[in-house]
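Each chain, letter by letter, is given below.
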Amino acid sequence: MRTARLRTVHPVLWAGWAALAAGAVLCVLGWYGVSGERYAERQLPYLASCTVPGAALIIAGAVLLTHGRNALAAARVEELYGLLVTAEPTGPEESGQTVTAPLAVSGDLLMVPGGTLWHRADCPLVAGKAEAVPVDSKLMASGELGPCPICEPAEETD
């Protein structure tokens, strides 16, 4: 799966680099031709035949390179997703048991200053963070803080 999709991306990248190189050469030739002519009416053919197509090729090369890199990244993400989906589960799920233990069970509520959520003390988002402080009841009452979607603490009233 991987090699088939990645092989189709490489020609796009090569075409992008070739278009960039050809555009740069045409721009240099156009500049050289224009710089040798004193009058504007003699410079116009160089602009029309070299510089404008060269600039268009540079733009086309940049678009091809961007498309090729995006396609390459999409192919890698697709491959990783395929590996994730086909990975066989290990542990209690294999035997048909579903374990739905809560992620955090502590009754102490914490918040991070400047944050918008309150968390249980053992929530993975605040566990071990020195800046986590106990929840200010005024902030919770005013509705400025919401419950964490990870640990889902119940709102406790004092």
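The written sequence of each chain sets the order in which its residues are numbered from 1. Where totals are concerned, whole chains, interfaces and linings use all residues; where local detail is concerned, this predicted model gives features only for residues with pLDDT of at least 70, and gives and counts side-chain atom pairs only at 80 or more. The basis for every side-chain value is the complete set of non-hydrogen atoms in the structure, without hydrogens or water.

Chemist: What is the right way to look at helix H2 (residues 40-86) in this model?
Modeler: For an α-helix, 3.6 residues make a turn, and residues three or four places apart therefore share a direction. Every helix listed is a DSSP run of H or I at least four residues long, and every strand listed is a run of E at least two residues long, numbered separately from the N terminus. For a helix, the expected span equals 1.5 Å multiplied by the residue count minus one. An ideal rise of 1.5 Å per residue puts 69 Å on 47 residues; H2 measures up with 66 Å between its terminal C-alpha atoms. What the bend at a residue measures is the angle between two axes, fitted to the seven residues ending there and to the seven starting there. The largest bend along H2 measures about 45 degrees and falls at leucine 47. When accessible area is computed with a 1.4 Å probe and restricted to protein chains, residues below 20% of their type maximum are described as buried, those above 50% as exposed, and intermediate ones as partly exposed. Along H2, the residues that are buried comprise Gln43, Cys50, Gly54, Gly61, Leu65, Gly68, Leu72 and Ala75.

Chemist: Please clarify how the environment of arginine 69 should be interpreted in this entry.
Modeler: Here arginine 69 shows up in helix H2. The class of arginine 69 is partly exposed, set by a relative accessible area of 49%. In the structure, arginine 69 is positioned 56 residues away from leucine 13 in sequence and 7.5 Å away in space, judged by C-alpha atoms. Those residues in contact with arginine 69 that lie beyond four places of it in its chain are Leu13 and Trp17. Pairs of residues are marked as contacts when any of their non-hydrogen atoms sit within 4.5 Å.

Chemist: I tried to follow a nonpolar patch on the surface on my own but got confused; where do I start?
Modeler: Put simply, a patch holds well-exposed residues, over 30% relative accessible area, that have no salt bridge, with like charges counted together within 9 Å and Val, Leu, Ile, Met, Phe, Trp or Tyr side chains within 5 Å. In this description, accessible areas are obtained by the Shrake-Rupley approach with a 1.4 Å probe, and a residue is regarded as covered only by the protein chains that are shown. Just to be clear on terms, a salt bridge is a Lys or Arg side-chain nitrogen sitting within 4 Å of an Asp or Glu carboxyl oxygen. There is a patch of nonpolar side chains on the surface, built from Tyr81, Leu84 and Val85 and spanning about 360 Å² of accessible area. Within the secondary structure, leucine 84 is located in helix H2.

Chemist: Would you mind going over the side chain of glutamine 43 with me for this structure?
Modeler: One can find glutamine 43 in helix H2. Two N or O atoms count as a polar contact when they lie within 3.5 Å, although within protein this holds only if one can serve as hydrogen donor and the other as acceptor, and sequence-adjacent residues are included solely when both atoms are side-chain atoms. One polar contact links the side chain of glutamine 43 to the main-chain carbonyl oxygen of glutamate 37, over a distance of 2.9 Å. Leave out the neighbours within four places in its chain, and glutamine 43 touches Val34, Glu37 and Arg38.

Chemist: Where do I start with the sheet that holds strand S3 (residues 133-134) in this structure?
Modeler: Strands belonging to one sheet form pairs held by backbone hydrogen bonds; the direction of such a pair is parallel or antiparallel. Here, strands pair whenever DSSP counts at least two bridges between them. The mixed open sheet is built from four strands, whose spatial order is S3-S1-S2-S4. Since the sheet does not close on itself, it has two edges, and those belong to S3 and strand S4 (146-147), each with one partner. Note that strand S1 (residues 109-111) and S3 share two bridges and pair antiparallel. Of the residues in S3, the one forming a bridge with leucine 110 is proline 134.

Chemist: Which parts of the structure should I look at to understand the pairing of strand S2 (residues 117-120)?
Modeler: A regular strand places its side chains so that they alternate between the two faces of the sheet. Pairing of S1 with S2, which is carried by three bridges, proceeds in the antiparallel orientation. Each residue of the ladder has a partner; that of leucine 110, found in S2, is histidine 119. Between S1 and S2, which pair antiparallel one after the other, the connecting turn spans five residues, and glycine 114 there sits at a positive phi close to 90 degrees. Examined bridge by bridge, S2 and S4 share two bridges and lie parallel to one another. Bridge pairing in S4 links leucine 117 to glycine 146.

Chemist: Just to check I follow, could you spell out the environment of valine 28 for this structure?
Modeler: Turning to its location among the elements, valine 28 is positioned in helix H1 (residues 2-35). Taking relative accessible area as the criterion, valine 28 reaches 53% and is therefore assigned exposed. When the C-alpha positions of valine 28 and cysteine 50 are compared, they lie 8.3 Å apart, and in sequence the two are 22 residues distant.

Chemist: Honestly, the environment of glutamate 131 in this entry has me stumped. Any pointers?
Modeler: Assignment of secondary structure puts glutamate 131 in the loop between S2 and S3. Between the C-alpha atom of glutamate 131 and that of leucine 110, which follows or precedes it by 21 residues, the distance is 9.8 Å. Beyond its immediate stretch of four places on either side in the chain, glutamate 131 contacts Met111, Val112 and Pro113.

Chemist: How should the state of the cysteines be read in this particular structure?
Modeler: The bond known as a disulfide is covalent and runs between the sulfur atoms of two cysteines. Defined by distance alone, a disulfide is two cysteine sulfur atoms within 2.5 Å. Tallied over the full model, the rule gives zero disulfides. Of all cysteine sulfurs, the one in cysteine 50 lies closest to cysteine 27, which takes part in no disulfide; the gap is 8.8 Å.

Read these as spatial facts, not as claims about activity.
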